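# An overview of the molecular structure
So you can see what is in the structure, the chains are spelled out below.
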Amino acid sequence: MKRILALILVALMTGTAAMAQTILATWTFDNLPADTSANGPTPKVIASNTDIGEQQGSAFIYADGTHGASDWISVNNASTSEITSFSGYTNNDPRATSLAGKALAPKNTTANGKSIVLAFATTGYQNPILSFVMRKTGTGFNSHVWEYSTNGTTFHPVTESYPIPTTTNAEVKTLDLSAYDDLDNTATVYLRLTLSGCTSASGNTRFDNIVINAETSGPDVTAPRLSSYSVLNDTHIKLIFNEQLNASIAQTASNYTLSGGITVSNVALANNREATLTLANAITEGSSYI
Ligand SMILES: [Ca+2]
Ligand SMILES: [Ca+2]
């Protein structure tokens, strides 16, 4: 058994460009009151879930006339009501145990042209993606216009869109906002949805399981660390790293140095984490290579 007591890798390796998605904020409306319930009317400011996401209880939906939103009429047991809740959905619920609970439901012809605003932070994150499940009644809002802002005052159009359902089935919708770099690493992002096309007082569109995902911001500047290594034979050493490697850098033999005059002639990379080095000169049993 050959031993290498210590191995110094003078390798500048950066992590792979593939970055994990993080849930920033979620609204699942588990117990959202309806406009006919004893604990109604439906609130016009709704905090994000406190059971999932980076921003628990600190991201908000506004329907109260602030932050660029319209002031929706929310009253109990009245035909003037423009916002309520209905039974919800499990589609797009990011929690380990999904719960249908309730769904937020803007309604009424009087609300045509009104807007709700989602406000959240992307500090330390980039490329936000919005997703949700929606269900439109036959006379519900058939036009959705999305805009974005970084100050809650000046809104810019989001040109991405999704087809409005032509049936009353629940459908999951996604709005990829990665192209709007103003929304990367920003203290407050405002997404505004303006609804129109409702054709009856009871016509409504239900929204549930609203999720904001994003990627970690900026390049990964922490170099991979060696987790373990094994000596396969006197000219081959296998190195296992703690994270994925940049393939082109990891496969460059000159990025690896060993002491004792040992040079690396070839690198074979497996699973982007395991580098098997072929040594130009054989290592000697019992010697130390530092
Ligand atoms: Ca729900
Ligand atoms: Ca971006």
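Computed from a prediction, not measured in an experiment: that's the story for all the values here.

Okay, unusual backbone geometry next. Following G40, the chain continues to P41 via a peptide bond in cis, the omega torsion being 0 degrees. Among the secondary structure elements, P41 is positioned in the loop between β1 (21–27) and β2 (45–47). Unlike most non-glycine residues, F29 shows phi in positive territory, near 55 degrees. With respect to the helices and strands, the residue F29 is situated in the loop between β1 and β2. A tally of 26 C-beta atoms within 10 Å means that F29 is categorised as buried. The backbone of N77 sits at a positive phi, close to 55 degrees, despite the residue not being glycine. Mapping N77 onto the fold places it in the loop between β3 (60–62) and β4 (83–87). Taking the C-beta count within 10 Å as the criterion, N77 has 10 such neighbours and is therefore assigned exposed.

Time to look at the sheet that holds strand β14 (residues 236–241). In space, the 4 strands of this open sheet follow the order β13-β14-β16-β15, with antiparallel pairing throughout. In this open sheet, the two edge strands, each paired with only one partner strand, are β13 (226–233) and β15 (264–270). Across the sheet, the mean angle separating the axes of adjacent strands is 20 degrees when strand polarity is ignored. With 6 bridges connecting them, β13 and β14 associate as antiparallel partners.

For the rest of this paragraph, the subject is the nonpolar core. By size, the foremost hydrophobic cluster in this structure holds 46 residues, and its most contacted members are I61, Y62, V117, A119, F120 and L191. Looking at this core, the elements that each hand over two or more residues are β1, β3, β5 (102–106), β6 (115–120), β7 (125–136), β8 (143–149), β11 (189–196) and β12 (205–216). Counting residues in hydrophobic clusters, the runner-up holds 12 residues, among them A250, L258, I262 and I283.

Turning to the sheet that holds β3, a few remarks are in order. Strands sit in the order β2-β3-β6-β11-β8-β9 across an open sheet of 6 strands; the sheet is antiparallel. Each edge of the open sheet is held by one strand with a lone partner, namely β2 and β9 (156–157). For β8 and β9, the ladder comprises 2 bridges, and the chain directions are antiparallel. Across the sheet, Y148 pairs through a bridge with H156, a residue of β9.

A separate point is the environment of G152. Mapped onto the elements of the fold, G152 is located in the loop between β8 and β9. Residue classification places G152 among the partly exposed residues on the basis of 17 C-beta atoms within 10 Å. Remark: the alpha-carbon pair of G152 and G68, spanning 84 residues in sequence, is separated by 5.3 Å. With residues up to four places along the chain from it excluded, the contact list for G152 reads H67, G68 and Y190.

Now for the confidence of the model for the protein chain. On average, residues of the protein chain score 89 in pLDDT, and 88% of them reach the 70 mark or higher. Within the model, the stretch residues 1–17 combines pLDDT values under 50 with 43 contacts to residues more than four positions away or in other chains.

We now examine the pairing of β6. The buried fraction of β6 is high, at 6 of 6 residues. Side chains of β6 alternate between two faces, with S115, V117 and A119 and I116, L118 and F120 buried alike. The pairing of β3 with β6 spans 3 bridges and is antiparallel. Note that in β6 the partner of I61 across the bridge is L118. Where β6 and β11 come together, 6 bridges link them in antiparallel fashion. Each residue of the ladder has a partner; that of S115, found in β11, is T194.

Conventions used here
- Residues numbered from 1 in each chain as written.
- Chains lettered and ligands numbered in written order.
- Predicted model: local features only at pLDDT ≥ 70, side-chain atom pairs only at ≥ 80, totals over all residues.
- Helix = DSSP H or I, 4+ residues; strand = E, 2+ residues; numbered from the N terminus.
- Buried ≥ 20, exposed ≤ 12 C-beta atoms within 10 Å, placed from the backbone.
- Pairing = 2+ DSSP bridges.
- Axes fitted to C-alpha atoms, helices over the stretch in contact; angles between N-to-C directions.
- Core = buried A, V, L, I, M, F, W, Y, C linked by C-beta atoms within 7 Å.
- Contact = placed C-beta atoms within 7 Å.
- pLDDT = per-residue confidence, 0-100.

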